[in-house]
Amino acid sequence: MARSTARVTTDRPARYAKQLAAHMGRKVPAEWSEETGRGSLAFGAGRAELTAEDGALLLAVEGAEESLDQLEDVVGRHLVRFGTRDELVVAWQRESGAAGTVQRLTGEEG
């Protein structure tokens, strides 16, 4: 399995993680724990882990190499949409050392 991670700077990491898990939970199995500040999303193509830290939301996706672009995009795009006001940017880094995809607010979204 290939892995990709992103560190999203925000003052509200737990709020965004909870919102992402609740939203995605309508379509895929999702969990969020307020106590641990951790959650997960289970997609057919792989899984995502959410971890709230002081000042940042840590994201990780795992799946087949050919699925990473899609996994990064789905998780990152939804998070950016929820964080429009904070202009969140999700820049993924592959465990192979290669840069992954980047999701950010564009002119037509805001």
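Whatever comes next refers back to the structure up there.
Residues numbered from 1 in each chain as written. Predicted model: local features only at pLDDT ≥ 70, side-chain atom pairs only at ≥ 80, totals over all residues. Heavy atoms only, no water.

Along the chain, the regular secondary structure elements total 2 helices and 7 strands. Taken over C-alpha atoms, the radius of gyration comes to 13 Å for the chain, in line with the 13 Å a tight globule of 110 residues would show. Based on the C-alpha atoms only, the size of the chain along its principal axes is roughly 35 × 30 × 25 Å. The buried share among the 110 residues of the chain stands at 43%. For the chain, the share of sequence-separated contacts (at least 6 apart) that also reach a separation of at least 24 residues comes to 53%. In the structure as shown, the chain presents an accessible area of about 6200 Å², 46% of it carried by carbon and sulfur atoms. (Helix = DSSP H or I, 4+ residues; strand = E, 2+ residues; numbered from the N terminus. Rg over C-alpha atoms; globule rule 2.2 N^0.38 Å. Buried < 20%, exposed > 50% of the residue type's maximum accessible area, 1.4 Å probe, protein only. Contact = heavy atoms within 4.5 Å. Areas by Shrake-Rupley, 256 points an atom, 1.4 Å probe, with all protein chains shown as cover.)

What follows covers the pattern of salt bridges. Counting across every chain of the model gives 9 salt bridges. The shortest N-O distance in the salt bridge between Glu-49 and Arg-3 comes to 3.7 Å. Taken together, the residues Glu-49 in strand E4 (residues 46-53) and Arg-3 in strand E1 (residues 2-9) connect sequence positions 46 residues apart. With a shortest N-O distance of 2.5 Å, Arg-12 and Asp-86 are connected by a salt bridge. (Salt bridge = Lys/Arg side-chain N within 4 Å of Asp/Glu carboxyl O.)

Another point: helix H2 (residues 68-82). The first and last C-alpha atoms of H2 sit 21 Å apart over 15 residues, in line with the 21 Å expected at 1.5 Å per residue. If you check which residues of H2 are buried, you get Leu-68, Leu-71, Glu-72, Val-74, Val-75, Gly-76, His-78, Leu-79, Val-80 and Phe-82. (Expected span 1.5 Å × (residues − 1).)

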